Amino acid sequence: MNGLVDPHNRRLNYLRISITDRCNLRCRYCMPKEGVSQFGHSEILSYEEITRLAGLAVKRGIDKIRITGGEPLVRKGVSGLIQKLSLLPGVRDLSMTTNGVLLREFARDLRRAGLKRLNISMDSLDPRKYREITRGGELNRVWEGIEAARREGIHPIKINVVVIAGFNETEIEDFARLTLKEPLQVRFIEFMPIGEGSEWKPEHCISWRDMKERIERISPLLPLAEGENGHGGPARLFKWVPSAGEIGFISPVSDHFCGSCNRLRLTADGKLRTCLFSDAVTDLKPLLRSGAADDDLEKKLDEALLTKPLHHGPMGGVMKRCHLPMVKIGG
Ligand code: SAM
Ligand code: SF4
């Protein structure tokens, strides 16, 4: 069976699956303050439907799966889904992105179900600012979640920090210093203009080069060779020597990585998105729910690949093209 190759000759081996559009936080950069209208129960794919689609994608060469949301840990039975996905032959990397708020309660089950690694979003080290950016979150819950995940042997743990000028940019150095003692990979992410209700303005965005420069005022960073840790993804990785952790930069705004994009996204309501920044989607749910054969679903997958753009173009226009807020897409 052929692999998943798009018209620009990129081989796709990474599937990000959003399992819910619900969330227990309301991060300012991700969703509007009034929240978003949520999918009804029957609108979202069941775990059986997700597993079926993931199985077909894996058969066609997907070997990396990330579970995301909304907040994936608010959907009941998520460990059961992880277990099913971990049993698909060919999945070599199964991970999750979470805000960590419920991780203390779930870390053990997730590990037992086969989850190997985690990305945890944490945009401030200051409890007051964390509450502000998440509109009400408790930072200590995230730290407890990180501790629990470590105790269960989940590794690596990556911390995602969306850097916003005038808000948490003053914490770049503190986050970097965290890697001196903690075996964490702190990844600084450029603030992306996604969704119509986004508070994004060009002046809120700090480029990865500026962030790196600030960190190097403390001490120069050693670049890590591609593949040295095997899990960099789109991040440029560095470290201070000696330090327990690593520092990464993800630059979708100032220096996009479209040329090497290997991703597909499946939204909670069964739409396949070939580009985070494009509203072109392929709805798989009608086929799934009308008793379609695997061959038909695979044909639809192939059709969807034709919509994958070569690159997403300049960021200023992105909000015009991508209407959905991030919480509906999955990051
Ligand atoms: N709720 C989970 C979490 O927060 O980790 C998973 C879903 S969240 C949409 C996935 C990732 O998208 C998070 O790391 C979040 O920081 C990131 N994200 C959301 N909106 C963003 C934006 N406008 N720019 C950059 N990253 C964003
Ligand atoms: Fe929820 Fe994650 Fe979006 Fe924050 S970034 S509102 S935690 S989905």
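Quick caveat, the model's predicted, so the values are computed rather than measured. (Residues numbered from 1 in each chain as written. Chains lettered and ligands numbered in written order. Predicted model: local features only at pLDDT ≥ 70, side-chain atom pairs only at ≥ 80, totals over all residues. Heavy atoms only, no water.)

It is worth spelling out the site of ligand 2 at this point. In the region of ligand 2, the neighbouring residues are Cys-23, Leu-25, Arg-26, Cys-27, Tyr-29, Cys-30, Met-31, Gly-70, Asn-99 and Val-327. For the shell around ligand 2, the residue count by class is seven nonpolar, two polar and one charged. (Near = heavy atom within 4 Å. Nonpolar A, V, L, I, M, F, W, Y, C, P; charged D, E, K, R; others polar.)

To continue, consider the packing of helix 1 (residues 47-59) against helix 2 (residues 78-86). It is at 10 Å that the axes of helix 1 and helix 2 come closest, and there the two elements cross at 25 degrees. Classified by the angle between their axes, helix 1 and helix 2 sit roughly parallel to one another. When the axes of helix 1 and helix 2 are compared, the crossing they make is right-handed. Along the contact surface, helix 1 presents Tyr-47, Glu-48, Ile-50, Thr-51 and Ala-54, while helix 2 presents Val-78, Leu-81, Lys-84 and Leu-85. (Axes fitted to C-alpha atoms, helices over the stretch in contact; angles between N-to-C directions. Helix = DSSP H or I, 4+ residues; strand = E, 2+ residues; numbered from the N terminus. Parallel < 35°, antiparallel > 145°, perpendicular 65-115°, else oblique. Left-handed = near helix turned anticlockwise from the far one by under 90°. Contact = heavy atoms within 4.5 Å.)

Bringing the environment of Asp-174 into the picture now. Mapped onto the elements, Asp-174 comes out in helix 6 (residues 172-181). Sequence-wise, Asp-174 and Leu-87 are 87 residues apart; in three dimensions their C-alpha atoms are separated by 39 Å. At 3.0 Å, the side chain of Asp-174 and the side chain of Arg-177 are in polar contact. (Polar contact = N/O pair within 3.5 Å; in protein donor to acceptor, adjacent residues only side chain to side chain.)

Most of strand 9 (residues 246-250) sits inside the fold, with five of its five residues counted as buried. Relative to strand 9, strand 6 (residues 185-190) is paired through five bridges, and the arrangement is parallel. When the bridges of strand 9 are listed, Ile-189 appears paired with Ile-250. Bridge count between strand 8 (residues 236-239) and strand 9: three bridges; the pairing is antiparallel. Its bridge partner lying in strand 9, Phe-238 is registered against Ile-247. Where strand 8 folds back onto strand 9 in an antiparallel hairpin, the turn is made up of six residues. (Buried < 20%, exposed > 50% of the residue type's maximum accessible area, 1.4 Å probe, protein only. Pairing = 2+ DSSP bridges.)

Quick look at the site of ligand 1 now. Lining the immediate environment of ligand 1, one finds 19 residues, of which Tyr-29, Gly-70, Ser-121, Asn-160 and Met-192 sit closest. One of the side-chain N or O atoms of Ser-121 is found 2.5 Å from an oxygen atom in ligand 1. In this structure, a nitrogen atom belonging to ligand 1 sits 2.9 Å away from a main-chain N or O atom of Met-192. Within the residue set of the shell around ligand 1, elements represented by two or more residues are strand 3 (93-98), strand 5 (157-163) and strand 6. Taken together, the residues that form the shell around ligand 1 break down as seven nonpolar, ten polar and two charged.

For the structure on display, the rule yields 27 salt bridges. Where Lys-59 meets Glu-298, a salt bridge forms, and the shortest distance between an N and an O atom there is 2.8 Å. On the criterion of sequence distance, the pair formed by Lys-59 in helix 1 and Glu-298 in helix 9 (residues 294-305) is long-range, its members being 239 residues apart. With relative accessibility at 47%, the residue Lys-59 sits in the partly exposed group. You can call Glu-298 buried: its relative accessible area is 3%. Measuring nitrogen to oxygen at the nearest pair gives 2.5 Å for the salt bridge that ties Glu-182 to Arg-150. Here Arg-150 lies in helix 5 (residues 139-151) and Glu-182 lies in the loop between helix 6 and strand 6, a separation of 32 residues in the sequence. Glu-182 sits in the partly exposed class, given a relative accessible area of 23%. Arg-150 sits in the partly exposed class, given a relative accessible area of 25%. One network of salt bridges, with partners in common, ties together Lys-59, Arg-60, Glu-298 and Asp-302. (Salt bridge = Lys/Arg side-chain N within 4 Å of Asp/Glu carboxyl O.)

The next thing to look at is the sheet that holds strand 9. Taken in spatial order, the twelve strands of this open sheet run 7-8-9-6-5-4-3-2-1-10-11-12, and their pairing is mixed. In this open sheet, the two strands that pair with only one neighbour each are strand 7 (222-223) and strand 12 (281-283). Docked against the sheet, helix 6 engages strand 5, strand 6 and strand 9, running at close to 155 degrees with respect to strand 6.

Right, let's talk about the environment of Lys-76 for a bit. Note on placement: Lys-76 falls in the loop between strand 2 (64-68) and helix 2. With 65 residues separating them along the chain, Lys-76 and Arg-11 place their C-alpha atoms 33 Å apart.

This brings us to helix 3 (residues 103-113). Taken together, the buried positions of helix 3 are Leu-103, Ala-107, Leu-110 and Ala-113. Along the long axis of helix 3, the arc covered by the buried residues comes to 140 degrees, so they all point the same way. Packed against the buried residues of helix 3 are helix 2, strand 3, strand 4 (117-121) and helix 5. Backbone geometry just after helix 3 places Gly-114 at a positive phi near 115 degrees. (Arc of directions from axis to C-beta.)

This next bit is on the pairing of strand 1 (residues 14-18). The buried fraction of strand 1 amounts to five of the five residues, a majority that puts the element mostly inside the structure. Burial along strand 1 is two-sided: the face carrying Tyr-14, Arg-16 and Ser-18 and the face carrying Leu-15 and Ile-17 are both buried. In terms of strand pairing, strand 1 meets strand 2 through five bridges, oriented parallel. The residue of strand 2 that forms the bridge with Tyr-14 is Lys-64. Following the chain from strand 1 across helix 1 to the adjacent parallel strand 2, one finds a crossover that is right-handed. (Right-handed = clockwise from strand over helix to strand, strands pointing away.)

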